[in-house]
Amino acid sequence: MLFPDQAATMSTPLAKPQIITHIQKSLNYTVFDSKWIPCSARFICLGNFPRGTGVMQIYEVQRGEVQLIKEVEKPKPLKCGTFGATSLQQRHIATGDFDGNLSIWNLEMPGTPVYTVKAHKEIVNCIDGVGGLGMAVGAPEIVTGSRDGTVKVWDPRQKDTPVANMEPVEGETKRDCWTVAFGHAFNDEERCVCAGYDNGDIKLFDLRNMRLRWETNIKNGVCCVEFDRKNINMNKLVATSLEGKFHTFDLRTQHPTKGFASVSEKAHKSTIWQVRHLPQNRDIFMTTGGAGNLHLWKYEYPAQRRKKDSDGVDVGVAGSLNLLQNVTLSTQPLNSLDWSPDKQGLCVCSGFDQCVRVLIVTKLNQV
């Protein structure tokens, strides 16, 4: 028999969200990205075979297992993908490959791309989309970042030429762009792109005014940046880096010289490969680590998000970070994670152990 205080003590760990591996599937290739297909029980894996060709696989979750629905081999390894610029009816995926190509694929007939362009001179490291999935306003656009140092914005309705090209000025060193993200797309005119580079630079580009709005350096290569929501007035941005540190910036108040307030956390003791915000709650996000672990976080807002500095100018106030749960799934880095937009707590995760995992995170509506 348990006394009331004993019962409370024993049940406390279970009151926290749990990260459960629902399904684990070994693959015969290196997987670089995995994405949940919207409005479905399916996900897609992108990567490369040992022989140097690319591969795209579509899986469906059925009765506690995953079934391979479709596999297509491509000439070049596929590095990254996004559904962000497509409609819910079409659900076309845009991919970037090792040869610098941006391609858009109809998953019903993935043999030939419905759109393709030589986007960069070198590998496309990162990609993001906006204006699709019924979540954002404005044109459907795709942003790509490359080892060639450029960040380009593409409109699939416009062939061959980007609608915006952010590149170093002549004589400036070209830095490897590792991550890009859309944000601030809350009406038809406003839109921003954030890019992170191998030298620790983070740059925020204002696409409406075609100017650099803000930049900073976090002293370590920037592995991933993500806004907590793409389709709202800029609220928060998380940037992850090498050596286990990530930064959360409050984007509501920009000081003329100090920029945005931020809070940082050292977590994984290794590279933090990705950050992904929960679609149903923008204050909860997951980070994936180089030691094969996942950390689930919640951002807590301060009592006041802005204050006056000594000159009477508004300056932002950063909140705090609360670690809700962490789990180790592998001995290899987990390089990709994507939440299901439809089922809260369902996500797909892949790593360099050549495994893809379907995970369930519990009790997210109670934190």
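The shown structure was predicted, so the numbers you read here are calculated from the model rather than taken from an experiment.

Visitor: Which residues make up the state of the cysteines, and what values go with them?
Guide: Counted by the stated rule, this structure contains zero disulfides. The closest cysteine sulfur to the non-disulfide-bonded Cys355 is located on Cys349, 10 Å from its own sulfur.

Visitor: Give me the lowdown on the sheet that holds strand S20 (residues 245-255), citing residues and values where you can.
Guide: With antiparallel pairing, four strands are arranged side by side in an open sheet as S18-S19-S20-S21. Only two strands of the sheet have a single neighbouring strand rather than two, namely strand S18 (222-227) and strand S21 (259-266). For this sheet, the mean inter-axis angle between neighbouring strands, taken without regard to orientation, is 20°. For S20 and S21, the ladder comprises seven bridges, and the chain directions are antiparallel. Bridged to Lys245 within S21 is Lys266.

Visitor: Explain the side chain of Asn235 residue by residue, including any values.
Guide: In this fold, Asn235 is placed in the loop between S18 and strand S19 (236-241). Separated by 2.9 Å, the side chains of Asn235 and Arg305 make a polar contact. Sequence-distant contacts of Asn235, defined by excluding residues within four places in its chain, comprise Asp228, Phe249, Asp250, Leu251, Arg252, Arg282, Tyr301 and Arg305.

Visitor: If you had to explain the UniProt feature "repeat: WD" (unreviewed entry) in the protein chain to someone new, which residues and values would you point to?
Guide: In the numbering adopted here, UniProt assigns the feature "repeat: WD" (unreviewed entry) to residues 142-155. Summarising residues 142-155: 0% helix, 64% strand, and an end-to-end C-alpha distance of 6 Å.

Visitor: Can you lay out the packing of aromatic side chains for me, pointing to particular residues and giving the numbers?
Guide: One pass over the full model with this rule turns up eleven aromatic pairs. Taking 6.4 Å as the distance between ring centres and 80° as the angle between the ring planes, the aromatic pair formed by Phe32 and Phe352 counts as edge-to-face. You can see Phe32 sitting in strand S2 (residues 30-36) and its partner Phe352 sitting in the loop between strand S29 (346-351) and strand S30 (355-361), a full 320 residues away along the chain. The interplanar angle of 20° and the centroid separation of 5.5 Å between the aromatic rings of Phe43 and Tyr59 together place this pair among those described as stacked.

Visitor: Summarise unusual backbone geometry; cite the residues concerned and give the values.
Guide: A positive phi is found at Cys39, a non-glycine position, where the angle reads about 55°. Mapped onto the elements of the fold, Cys39 is located in the loop between S2 and strand S3 (42-48). In the Ramachandran plot, His184 falls in the positive-phi region, its phi being about 65° despite a non-glycine side chain. Mapped onto the secondary structure, His184 falls in the loop between strand S14 (177-183) and strand S15 (192-197).

Basis of the calculations
Along every chain, residues carry numbers that run from 1 in the direction the sequence is written. For this predicted model, a pLDDT threshold of at least 70 governs which residues receive local features, and a threshold of 80 or more governs which side-chain atom pairs are given and counted, while totals over whole chains, interfaces and linings are taken from all residues. The side-chain quantities take in all heavy atoms of the structure and omit both hydrogens and water. Two cysteine sulfur atoms make up a disulfide if the distance between them is within 2.5 Å. One requirement defines pairing of two strands: DSSP has to find at least two bridges between them. Helix and strand assignments follow DSSP, with helices taken as H or I runs no shorter than four residues and strands as E runs no shorter than two, numbered in order from the N terminus. Note on geometry: axes are C-alpha line fits, over the in-contact stretch for helices, and angles between N-to-C directions span 0 to 180 degrees. Under this definition, polar contacts are N or O atom pairs within 3.5 Å; protein pairs additionally need one hydrogen-donor-capable and one acceptor-capable atom, and for neighbouring residues in sequence, both atoms have to be side-chain atoms. Here a residue-residue contact requires only that any non-hydrogen atoms of the pair lie within 4.5 Å. UniProt positions are given in the numbering used here, feature names are shortened, and annotations may be inferred rather than shown by experiment. Two aromatic rings, drawn from Phe, Tyr or Trp (for Trp, its six-membered ring), form a pair once their centres lie within 6.5 Å of each other, and the interplanar angle then sorts them: stacked below 30 degrees, edge-to-face above 60, tilted otherwise.

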